[in-house]
Amino acid sequence: MDLVTGALSLLPSKLLELLKDEYKLQKSIRVKIQSVSWELESMHAALHKVAAVPWDQLDEQVKVWAREVREASYDMEDILDTFVVRVDGQEPADLSRLKRAMKKMGDLFSKGKARHDISCAIEDIRKQLQEVAERRARYRVDDLVATPAPTTSIDPRLSALYTKVSQLIGVQEPRDKVISLLTAEEQMEMKIVSIVGSGGLGKTTLAKAVYENLTVDVHFKAFVPVGQNPDLKKVLRDILIGLGKQRYTMEFNLTLLDEKQLIDELREFLKNKRYFIVIDDVWDVSSWNIIRYALYDNSLGSKIVITTRKHDVAMKVGCSYNMKPLPYESSKELFYGRIFGSEQKCPKTFVKISEQIIKKCGGVPLAIITTSSLLANKLGNMKEWYEFCESIGSGHGNNHDMENMRRILSLSYYDLPAHLKTCLLYISLFPEDSEIDRDRLIWRWIAEGFVSPGEGGKRLFDIGKGYFSELLNRSLIQPARIVMDYDDVPQACRVHDMVLDLICSLSREESFVASILGDTLQNTPSWARKVRRLSLHNTTWPTIMDMSKLRSLTIFNNAIISSMPSLSCYQLLRVLDLENCNLGGHPNLSFVGNLFHLRYLGLLNTRYDGELRLEMGKLHHLQILDIYGTRIKELPSSFVGLKQLMRLILSVHCRPNGLRNLTSLEELWFAIVDSVDVAEDIGHLRQMRELQVELEMNKESGCDESICKALVASLGKLQKIEQLTIASGSVPLNLEGSVESLGNLSYLVIDQTASFPTWINPGSLLVLSYLDITVARLRREDIQVLGMLQALHFLEVTVSGDVQAAERFMVGSNSFPCARECRFYGFHVVPSMFPPGAMPRVENFCFSMRHEDFGKGEFTTNDLALGHLPSLRRVIARLYDRMVDSKEVVIKVEETLRHESDVHPNHPYIRVEAYGRR
């Protein structure tokens, strides 16, 4: 499913499902279904052509036709899904035999009526498609969208090439850093540096500054733009003309040469020359590869700079400079300078609103220049300044400068494949400046149908994670909450206000998401007839819109909950996300059982203390259920019928029963194992990828041994498990016999155990990259085992036992080859010297020790030899004592570590923390 094609990609397969014998449709209806399916596939192909053309370049009639088809596709999907729910409806699990018999008789009539209704509905769909097809032929849609409409507008990025040096703000420092990267090595091999960052950050401006200021002796220079859809023959011609203008404009007709001949000519020309070339605005690796073939490496010290928005292109180059937003002071200098001449000349009445606008620009030069150019003409009306500030991030600013800025940013959007366009626009439902949790976003994409199944049985969440990474790679979302975990993908993202402004504008244009902030309907144009996705930020419940077709509802503010009606009338609802809204006083969520189409129910941190009713078992399509942070103590017995449930996040109060029936479950978090039945249930969840369990011990007898054995046996059956968190309360779980089944385990957390598990070894856990373990005792040989885990990226070891004397552990010279963050906490076992070769990639190192050990001279920070850790960036030391006021020791440790930082090539960040003894 994507923005332009709506539900069209799903409809043919859903229609063909109705041809199965179980639905018992008449032969004439089956023939019509087949015909409708073919017509839908044809329309889908036509709309894919529409999706390939920027929206502002499409004929207005084509836009109208595309909207009609998309809206019709949603209506058709609603009809089909409703029919399937009615025919496949499940009876409650606790009905008596007599009630079941009576219900079965009733179902015969209701299903018969449903089949009659679907017959009429299919005929209506067929007629509707016929009308749409006639309009398609009348508007000649296929001809209109075959090629993009010609445009005569000038690329506004050209101004970056001709800006006066005196007008550049904040470019000196990054310019010098790029130049130092180009000239750092004195060898004569070619040096290539990429400048990478999102649109509007000033990559072209920086490259131009480097181009003009690099002082090495280079006589042959060229600055060549590439662009989103490059003509590579023209690019190669431009390089030749830039390097040898007279020859290739006066003496040589380059238009006669094909691509290969141009590459050969360029390589021959550069064979004996030292040159400096800037290749500006490279969009894909394949284009760069072809250009790179032509740039001959003659070992004369030539330099190449490329600029790109995409990190995979930068990674191909190897050496990169990541563009950062302007510092706040530079942003102010640029903003005030363009409007008032300087900050000092800004009237006091404009200071507050100016600072708000500067903050919203987020250090993006393009945004600052655009907004300042606009506001310079509105100095007489402060009200317009406030109105403009409010419009940033909503997509409502309508003026030439804002449109120019959106055009630049939209280049990245229109470069996306259709499914990623949809996923990006979906982010417009989140409030401005939100930190958006990665997993929440991906699972919502899945529930909305935006993530298509891949080949080879790859699970939907992993495919969605690829979508998320691609948006990061293209600099359209920004990483947040970065943790060096097992998969290197940030745990959350943010969206720059200017990108949010763009996607809100695009979303409003197509009525993709309706966002309501205050009393303003942000994303719904006047022509929109139905609201299908609604996001409520800060208002009371809206009453002026047609929400009969509502598919997705997200509420971000508690104030709305009090005015929220029962949602039972919104029976097409697929996503209901109330995360972080306070439902503590809400009487009940009984209406949820009537939302038969529901895929996603998010109640995270809502403090809901009511019940989920028996009708919940009717939610056949439910895929995600998150009740963590509620006071729900049990799920109804009917929940075992949720056969499509893939993610279940339980509250700490909840005791699940019947888990073995949830055969599609891939993620289960916070499951309390307090019986053999629950332990055995887990062994039936063969699709399980992520599991967090807690063994609950009896206060008198401790943990039943039979429960431990059952859980160990179950874990041995989960051959797809990738993440495992066990809180065992010091009860040892011996997975020695099951470790062969844990070959895919990459993430392991053991909350508490008496001693280091012998089953954690480098011979079995080949892909383990994240390990967090709390043990009562730790031996030197255990550290040696940890150091041999070849894939380990992150390690945190906490020893909880009270040790009377400090013990040194040894680190081998080849230990921890891939680790990037190591933490040794909360115990009195201190590391020995790191020999050369140990922890070669560690960036963050954290350790703890007792005040008295340092004070007695039994250990000094010099013993660590931090200088042997070549990648070190940060060191945190925790000092434990009965009293936290040993300031002299803290100061001494800090001074010693800072001295090591001063002599270390990376000058790592140092922090010393003092704690009372636990």
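Coordinates for the structure precede this section.
In this report, the structure presented in the accompanying data block is examined. Each chain has its residues counted from 1, following the order in which its sequence is written. Since the coordinates come from a predicted model, pLDDT governs what is reported: local features require at least 70, and pairs of side-chain atoms require 80 or more to be given and counted, while whole-chain, interface and lining totals use all residues. Only hydrogens and water are removed before side-chain values are computed, so all heavy atoms of the structure are retained for them.

1. Here's the deal with the sheet that holds strand S8 (residues 492-494)
So, step 1. Being paired, for any two strands, means DSSP has found at least two bridges between them. A run of DSSP states H or I qualifies as a helix once it reaches four residues; a run of E qualifies as a strand once it reaches two. Both are numbered from the N-terminal end. Within the open sheet, the three strands sit side by side as S6-S8-S7. Their pairing is antiparallel. Strand pairing shows two members of the sheet lacking a second neighbour, strand S6 (436-437) and strand S7 (478-480), which therefore form its edges.

2. Things to note about helix H25 (residues 780-787)
So, step 1. Burial status follows relative accessibility: with a 1.4 Å probe on protein chains alone, a residue under 20% of its type maximum counts as buried, one over 50% as exposed, and anything between as partly exposed. Of all the positions in H25, only Asp-782, Ile-783, Leu-786 and Gly-787 are classed as buried. All buried residues of H25 lie within an arc of 140 degrees about the axis, which places them on one face of the element. The reported arc concerns the directions from the helix axis to the C-beta atoms and nothing else.

3. Some words on the packing of helix H6 (residues 172-183) against helix H7 (residues 203-213)
So, step 1. Here H6 crosses H7 at 60 degrees, and the two axes come no closer than 9 Å. Regarding the angle of H6 to H7, the classification is oblique. Relative to H7, the crossing made by H6 is right-handed. Along the contact surface, H6 presents Pro-174, Arg-175, Val-178, Ile-179 and Leu-182, while H7 presents Leu-206, Ala-209, Val-210 and Asn-213.
So, step 2. Amino acids are sorted into nonpolar (Ala, Val, Leu, Ile, Met, Phe, Trp, Tyr, Cys and Pro), charged (Asp, Glu, Lys and Arg) and polar (every other residue, Gly among them). Partitioned by chemical class, the residues of the contact of H6 with H7 number seven nonpolar, one polar and one charged. To obtain an axis, a line is fitted to C-alpha atoms, over the contacting stretch when the element is a helix, and the angle between two such axes runs from 0 to 180 degrees between their N-to-C directions. The cut-offs work like this: below 35 degrees is roughly parallel, past 145 is roughly antiparallel, 65 to 115 is roughly perpendicular, and the gaps in between are oblique. Should the near helix be turned anticlockwise from the far one by less than a right angle, the crossing is termed left-handed; should it be turned clockwise, right-handed. Should any heavy atoms of two residues lie within 4.5 Å, those residues are considered in contact.

4. Observations concerning the packing of helix H18 (residues 418-426) against helix H20 (residues 460-473)
Packed helix pairs are characterised by how far apart their axes lie and by the angle those axes make with each other.
So, step 1. Close contact between H18 and H20 brings their axes to 11 Å; oriented N to C, the two are set at 80 degrees. If you check the angle between H18 and H20, you find them roughly perpendicular. In this structure, H18 contributes His-419, Leu-420, Cys-423 and Leu-424 to the contact, and H20 contributes Tyr-467, Glu-470 and Leu-471.
So, step 2. For the contact of H18 with H20, the per-class residue count stands at five nonpolar, one polar and one charged.

5. Regarding the side chain of Lys-303
So, step 1. Positionally, Lys-303 belongs in strand S4 (residues 303-308).
So, step 2. Polar contact is defined as a pair of N or O atoms within 3.5 Å, subject to the rule that within protein one atom must be able to donate a hydrogen and the other to accept it, and that residues adjacent in sequence are counted only when both atoms are side-chain atoms. A polar contact is formed between the side chain of Lys-303 and the backbone oxygen of Leu-182, at a distance of 2.9 Å.
So, step 3. Lys-303 has contacts with Leu-182, Thr-183, Lys-191, Leu-214, Tyr-275, Phe-276 and Ile-277, leaving out every residue within four places of it along the chain.

6. Things to note about the sheet that holds S4
So, step 1. An order of S2-S3-S4-S1-S5 is seen for the five strands of this open sheet, with the pairing classed as parallel. With one partner strand each, in any of the chains shown, strand S2 (220-225) and strand S5 (320-322) form the two edges of the open sheet. The mean inter-strand angle of the sheet, taken between neighbouring strand axes irrespective of direction, is 15 degrees.
So, step 2. Sheet topology places strand S3 (residues 275-282) next to S4; five bridges connect them, and they run parallel. Across the sheet, residue Ile-279 finds its bridge partner in S4, namely Ile-306.
So, step 3. Contacts from H6 reach strand S1 (191-196), S3, S4 and S5, with the element oriented near 150 degrees to S1.
So, step 4. Contacts from H7 reach S1, S2, S3, S4 and S5 within the one sheet, and its direction differs from that of S2 by about 170 degrees.

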